Amino acid sequence: MKYSDLCKVYEELEKTTKGLEKTSILSKFLEKIENEPEIIYLLQGRIFPDYNNQELGISTQLVIKAIARATGIEEPEVIKEFKKLGDLGKVAEFLINKKRQSTLFSKNLTTEKILANLKKIPELEGKGTIDKKLALIIELLNSARGEEAKYIIKTILSDLKIGVGSGLIRDAIVDYCYHPKSIEEKKAGIEKVQEAYDITTDFAEVFNKTCKNSLSSISLSPGKPVKVMLFPKAENIDNAFEIVGKPAAFEYKYDGFRMMINKQDNGEIKIFTRRLENVTKQFPDAVKYIKENIKGKSFILDAEAVGYSPITKEYRAFQDISQRIKRKYNINILEKELPIELNIFDIIYFEGSSLISTPFKKRRELIEKIIKPSPFKIKLAEQIITADEKEAEEFYEKALEEGQEGLMAKNLEAGYKPGARVGHAVKLKPDAEELDLVITGAEYGTGKRAGWLTSYDVSCKNNASLLEIGKVSTGLKEKQEQGLSFIDLTNELKKIIIKEEGKHLFVKPEIVITVGYQNIQKSPSYSSGYALRFPRVKALRPDRSISDIATLKEVEKEFIKQQK
Ligand code: AMP
C-alpha cells in the first residue's frame, strides 16, 4: 500500500476525538489491508506486535541528524525549527516541504518499505550501528513527502498520538469482519476477538484469523507470551466472598513481580514479565529452579518472584530487587546479592493442552503434583480453602504479620482469563493509597539537585489518551543502595526525550512508577481533572507497561470512595 494512503487515515483519525467515528474510519480502512495485516501495527504507532518489545532506540538527537541530512539543512537550523514548532514530526514536514517546493517529486513510498526499514533497526549491533540506523531513516525521508515524513518521525519516536488504542482496533475488527446487527452480536464479537488478542497479543494475527473465521485455531503456545489475568480489588473479606463465592481459596499476596514461566517441548525455558518482556537471561537462578523442581515437558505457569536477603533470609519489598528485571550485566553478582524465590500460583498449559477453561481448584491440584518445593528457591503460594469469614480473617492477619502485601481470594471453579480483570480472583490489601502511573514529563531540579531530573509529571489513562494527574518530586534520593535514585531515573528519562522546553521535558510514556499519596482532589491544573495530594514515588515498576497503569475510572472511583 502507498504510505500516503495510510497517512490520510492518520489525518482523518487525528481530526476526531469520538470513539465511534474513529472505529468507523478504522473498519473501512481494514478492507484495504486484508492482504497486508501488519499495517495494523503502524496504526498502533508500532512496527511489531504487542508481545514483541524490541525497541528502536532512536533518540531525539538522532532524529535531528536524520532530518538535517535528508534535507541538506544544518543541524542548528533544524534545532531552531524544533524550538519553534515543538514537535520533530512537524519539523520534518516543514523542512521537507520547503526542500521539495522547487523539485518535481514522484517517489512512491510504501508501507512495506517503512516496515522493512524500521524492523531492521533493533537488530543492528556493534560498530557503526548509529550510522546504519541513520541511513535507514534517511532513506525513508528521502522518498517521503512532507506529511509522510511527519508520520515516519512520529512513529520512530513513539509519539503518533492519533488516539487509537487496542479497544478501538478490536471494535473495528469486529465491525469489519462480523458486521454485527445488534448490540448482543457486537458484544459477542468483541468478547471473541478480545479473547484471541489476549492470547496472541498480536492484532495482525487476530485480524487475519477473524477475517478467515478461524479464531478457534488460536491457542496458547509455550514460548509466546500471553497477557496475565488481572485482579480487581475487594474491600474486605465479606466483599471478597461476595465476588468469588463460597468456599474460596485464599492465598498470600506476595510483594514481588509477576513471572510467566514457559517451558517449550524442546525443553527451552522462557520467562516473561506482565509487560510481555522476555527476561529469561536476567534470571538464570529461576531457570535452574524450574528445570530441577518442576515435572513436565511443556507448561505455562503463573508466579510471583519475591526477593529476600541472602544473609538474614528476610523477604524484601519489590522495590529493592526491581533492578534485577532490567539489568543485563553482572547477572551472576546480582543473582547472589538479590536472590529470589518463586511462588507458583497457577498453571494455564500443560503437556500440549490449554487449561484456561479448567477450574482453578484442578489447576492448583496439578501444580501441587508437579512442583517439588524447595525453600528459598521455589514453592507453591501459601493457600487455605474456606467458607468461614473468621478463618479467612485470621489468615489475612497472619499474612500481614509475616510482611506480605495482603491476600488473594480465588473462585475455585473459575477458569483463567488472560488479560482480563474479570473477578475470578480478587486482591485484598489494607488500604494503601497508591496508583501505578506513567511518567510523561520531568523537570530539572535546583540547588544541590541541579542537573538532575527530580520532578516527574505522572499520568493515568483514559482509553488511548494519557491524562496528567500530578507532579511527584519526593520519594527519591540521590543515591540508593537498592532500587531507585533520581540519578538512575534521570539517565533512563534522558533516553526517551520527545521534546525539551527550558527546564522541562516531555518523554515517551514508558516508565511506570507506583505513586503513594494522601488523597485525591479535583483540580483544573491537570488534564485528568484530578490531582494527587502529597504524592511520593514508592517504586519504579520496570515489570509494568502503560497498559497496566491506573485508568481515569479507577481514579474517579478512589475519589468517590474517599468522599464517603
Ligand atoms: P496488584 O499488583 O496490586 O494489582 O496485585 C496483583 C498482583 O499481585 C498480581 O499481578 C501478582 O503479581 C501479585 N500476586 C502476589 N501473590 C499472588 C497470588 N498468590 N496470586 C495471584 N497474584 C499474586
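Since we're looking at a predicted model, the values are computed, not measured. (Residues numbered from 1 in each chain as written. Predicted model: local features only at pLDDT ≥ 70, side-chain atom pairs only at ≥ 80, totals over all residues. Heavy atoms only, no water.)

Looking at unusual backbone geometry
Part 1 of the argument: The omega torsion of the bond from Lys246 to Pro247 falls at -15 degrees, within 30 degrees of zero and hence cis.
Part 2 of the argument: Backbone geometry places Lys161, a non-glycine residue, at a positive phi of 45 degrees.
Part 3 of the argument: Note on placement: Lys161 falls in the loop between helix H9 (146-156) and helix H10 (166-178).
Part 4 of the argument: Lys161 sits in the exposed class, given a relative accessible area of 67%.
Part 5 of the argument: Not every positive phi belongs to a glycine, and His179 is a case in point at roughly 40 degrees. (Helix = DSSP H or I, 4+ residues; strand = E, 2+ residues; numbered from the N terminus. Buried < 20%, exposed > 50% of the residue type's maximum accessible area, 1.4 Å probe, protein only.)

Structural notes on the site of the ligand
Part 1 of the argument: Around the ligand sit 15 residues, and of these Glu251, Arg258, Glu304, Lys410 and Lys427 come closest.
Part 2 of the argument: Here an oxygen atom of the ligand sits 2.4 Å away from a polar atom, N or O, in the side chain of Glu304.
Part 3 of the argument: Within the side chain of Lys429, a nitrogen or oxygen atom sits 3.4 Å from an oxygen atom of the ligand.
Part 4 of the argument: When the ligand sits alone it has 490 Å² of accessible area, and the protein chains cover 94% of it. (Near = heavy atom within 4 Å. Polar contact = N/O pair within 3.5 Å; in protein donor to acceptor, adjacent residues only side chain to side chain. Areas by Shrake-Rupley, 256 points an atom, 1.4 Å probe, with all protein chains shown as cover.)

Some thoughts on a negative patch on the surface
Part 1 of the argument: A cluster of like negative charges, contributed by Asp238, Glu242, Glu382, Glu393, Glu397, Glu401 and Glu402, occupies part of the molecular surface.
Part 2 of the argument: At the level of secondary structure, the elements contributing two or more residues to the negative patch comprise helix H13 (237-244) and helix H19 (389-401).
Part 3 of the argument: Top contributing element to the negative patch by residue count: H19, with three residues.
Part 4 of the argument: Summarising the element assignment, Glu402 is placed in the loop between H19 and strand E9 (406-411). (Patch = residues over 30% accessible without salt bridge, like charges linked within 9 Å, V, L, I, M, F, W, Y side chains within 5 Å. Salt bridge = Lys/Arg side-chain N within 4 Å of Asp/Glu carboxyl O. Lys, Arg positive; Asp, Glu negative; His and termini not counted. Charge placed at Lys NZ, Arg CZ, Asp CG, Glu CD.)

Focus: the packing of aromatic side chains
Part 1 of the argument: Overall, the coordinates contain eleven aromatic pairs when judged by the stated rule.
Part 2 of the argument: Grouping aromatic residues by their ring pairs yields a cluster made of Tyr252, Tyr254 and Phe395.
Part 3 of the argument: In this structure, Lys313 is placed above the aromatic ring of Phe376, and the distance from its NZ or CZ to the ring centre is 5.5 Å.
Part 4 of the argument: Stacked on the ring of Phe506, the Lys or Arg Lys499 has its end atom at 4.9 Å from the ring centre. (Phe/Tyr/Trp six-rings, centres within 6.5 Å; stacked < 30°, edge-to-face > 60°. Lys NZ or Arg CZ within 6 Å of the ring centre and 35° of its normal.)

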